[in-house]
Structures are given as structure tokens and as C-alpha cells.
Amino acid sequence: MQKYAALKNMDLSRGRRITDPKTFWEKIMTEKIKLNTPIKVDGVLIHELTLRKPKVKDLIVARRKNTSDIDQEITLIANLAEIPNEAVEDLDLSDYLNLQNWLKNFLFPATPAN
């Protein structure tokens, strides 16, 4: 438990102590994805999306709201990035495929070869 307490206050990307434990959890629980083509969300040009790691409840919400696989995926990405579904629909296809691949790594993690 003591190891965990020390870890909780470290910025693992730089090996420095961080003053706000919330910052630590945000770094672990989110990932920034740079967009090849920026999109506008509420009139603001967005060059990268910050997505939090998906939870089971995110998948449940996406499935309840939508019947098609693509609509479920769009809803899931929108919820994780905290942007409207329409913003995901406006993404350049290469950016969408990049997000889709990022999401796939969480839903279907690779298993190590024996």
C-alpha cells in the first residue's frame, strides 16, 4: 500500500512529483489524440481530442441509444471525448479511423503470444 501512495503522487511521464493527485489520474485515465484535420465544436477549432478510458457503463449507454454498430461507436467516442455526436460525424475519415483503432485497443486488447 505504501508503494501505491508514493506512486499516486508521481508524474510518471517525467519522473517528478505532482502536487495534485487529480492530475495523476487524469494522465492515466485519459489520452490525447491529435487530429490530422481540426474540427469545430461549439465554434472552437479543435486540433486534438482528450478521451477518457471507456467504462462498461459507456458501452451500455451507447448500445441503449443506438441500434447500428456505427452509431454506437460514434456515441461512445463522443461520450469519451465529451463532444457532440455531430462533431464525431464531422471528423475526417483518417481521424475517425485513428479514434476507432484507439477504441478497439480498449475493447479488444491484444493478448501476448506464448
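Structure shown above.
These notes cover the structure that comes with them. This one's a predicted model, so the numbers in the text were calculated from it and none came from an experiment.

### What to know about the overall build of the protein chain
In step 1: Helix and strand counts for the protein chain stand at six helices and four strands.
In step 2: By the burial criterion, 27% of the 114 residues in the protein chain qualify as buried.
In step 3: Considering only contacts within the protein chain whose residues lie at least 6 apart along the sequence, 39% involve residues at least 24 apart.
In step 4: Surface accessibility of the protein chain: about 8,300 Å² in total, with carbon and sulfur atoms responsible for 54%.

### Regarding the side chain of N66
In step 1: Relative to the helices and strands, N66 is located in the loop between helix 3 (56-65) and helix 4 (69-81).
In step 2: On the accessibility criterion, N66 (14% relative accessible area) is buried.
In step 3: Within the structure, N66 has its side chain in polar contact with the backbone oxygen of A62 (distance 3.0 Å).
In step 4: Among the polar contacts listed, one links the side chain of N66 to the side chain of T75, at a separation of 2.7 Å.
In step 5: In this structure, N66 is in contact with D71, Q72 and T75, ignoring residues within four places of it in sequence.

### Quick look at helix 6 (residues 93-107)
In step 1: For helix 6, with 15 residues, the first-to-last C-alpha span of 20 Å sits near the 21 Å given by 1.5 Å per residue.
In step 2: D95, Y96, L99, W102 and L103 are the residues of helix 6 that are buried. Buried residues in helix 6, looked at end-on, bunch into an arc of 120°, giving them a common side.
In step 3: The inward-facing, buried residues of helix 6 abut strand 3 (30-41), strand 4 (44-52), helix 4 and helix 5 (85-89).

The rules behind the values
- Residues numbered from 1 in each chain as written.
- Predicted model: local features only at pLDDT ≥ 70, side-chain atom pairs only at ≥ 80, totals over all residues.
- Heavy atoms only, no water.
- Helix = DSSP H or I, 4+ residues; strand = E, 2+ residues; numbered from the N terminus.
- Buried < 20%, exposed > 50% of the residue type's maximum accessible area, 1.4 Å probe, protein only.
- Contact = heavy atoms within 4.5 Å.
- Areas by Shrake-Rupley, 256 points an atom, 1.4 Å probe, with all protein chains shown as cover.
- Polar contact = N/O pair within 3.5 Å; in protein donor to acceptor, adjacent residues only side chain to side chain.
- Expected span 1.5 Å × (residues − 1).
- Arc of directions from axis to C-beta.

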